[in-house]
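The residues making up each chain are set out below.
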Amino acid sequence: MPASGGLLCGASGLALLLAATATHFWLQHRAPGGTASLGLWRACLGGHCRPHPGTPALWEATRVLMLLSVLTAAGGLALGLSVVASTARRARARVAGVTLLLAGLLALLGLAVYTAGTLSLLGPARTTWRFSWSYILGWVAVVLTSSAGLFHLCAAAKDPSPESSEAVGA
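Residues numbered from 1 in each chain as written. Predicted model: local features only at pLDDT ≥ 70, side-chain atom pairs only at ≥ 80, totals over all residues. Heavy atoms only, no water.

**Student:** What exactly am I supposed to notice about the pattern of salt bridges here?
**Tutor:** When charged atoms on two side chains of opposite charge get close, those side chains can pair. In total, this model carries 1 salt bridge according to the counting rule given. Taking the shortest distance from any N to any O, the salt bridge between E60 and R63 comes out at 3.2 Å. Of this pair, E60 and R63 both sit in helix α2 (residues 57–82), 3 residues apart, which is roughly one turn of that helix. For R63, a relative accessible area of 12% corresponds to the buried category. (Salt bridge = Lys/Arg side-chain N within 4 Å of Asp/Glu carboxyl O. Helix = DSSP H or I, 4+ residues; strand = E, 2+ residues; numbered from the N terminus. Buried < 20%, exposed > 50% of the residue type's maximum accessible area, 1.4 Å probe, protein only.)

**Student:** How do you make sense of a nonpolar patch on the surface when you look at a structure like this?
**Tutor:** On the surface, L102, L105, L108 and L109 cluster together to form a nonpolar patch covering roughly 320 Å² of accessible area. On the secondary structure map, L105 appears in helix α3 (residues 89–122). For L105, a relative accessible area of 44% puts it in the partly exposed group. (Patch = residues over 30% accessible without salt bridge, like charges linked within 9 Å, V, L, I, M, F, W, Y side chains within 5 Å. Areas by Shrake-Rupley, 256 points an atom, 1.4 Å probe, with all protein chains shown as cover.)

**Student:** How do you make sense of the state of the cysteines when you look at a structure like this?
**Tutor:** Note on terminology: a disulfide is the covalent bond linking the sulfur atoms of two cysteines. Inspection of the entire model under this criterion finds 1 disulfide. There is a disulfide in this structure between C44 and C49, and the S-S distance comes to 1.8 Å. The chirality of the disulfide connecting C44 with C49 is right-handed, given an S-S dihedral of about 110°. A disulfide-free cysteine, C154 has its sulfur positioned 12 Å from the sulfur of C9, the nearest such atom. (Disulfide = S-S within 2.5 Å.)

**Student:** Looking at this structure, how should I read the environment of A125?
**Tutor:** Looking at the element boundaries, A125 is found in the loop between α3 and β5 (129–131). The spatial distance from the C-alpha of A125 to the C-alpha of V83 is 50 Å, given a sequence separation of 42 residues.

**Student:** Mind showing me how you'd approach the packing of aromatic side chains here?
**Tutor:** Scanning the entire structure with this criterion turns up 8 aromatic pairs. With a centroid separation of 6.2 Å and 80° between ring planes, the pair formed by Y135 and W139 is classed as edge-to-face. Here W139 and Y135 lie together in helix α4 (residues 133–158), a separation of 4 residues that amounts to about one turn. Taking relative accessible area as the criterion, W139 reaches 29% and is therefore assigned partly exposed. (Phe/Tyr/Trp six-rings, centres within 6.5 Å; stacked < 30°, edge-to-face > 60°.)

Written out as structure tokens, the structure is:
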């Protein structure tokens, strides 16, 4: 199976995108009085979590981009899995690769928007807040989904199946 590296990276990237998007440890604040954490959906203080009372537009944009990235990665992984059972392997591998690259790009944009928006919103207080593990999982997911896309594109380029344009034209 030529796209197994792409499938492994794609599945891992999708799992990390899901974990990053769903959890509330994007930012953490540790103080002698307790800890606080912020995610895309909830804010937690001292173990009590609740939805954000007011969400800045930049965080809304991050939510949308991360959700689109999760959906695109799931579609790309499904296409990658269908390569095995398909007669049009090369075309499906190519589409899976492009879809997974798009998922990586959407997550990259979401994380970049979150980084820029958060640093500007926190202002001088940003020295007491730290980006936490959910945020880091998002960045690792960008690398994995983009790598999965590249692996699928390489597998499509090396596929010697008779459906390729080189074999048809010869």
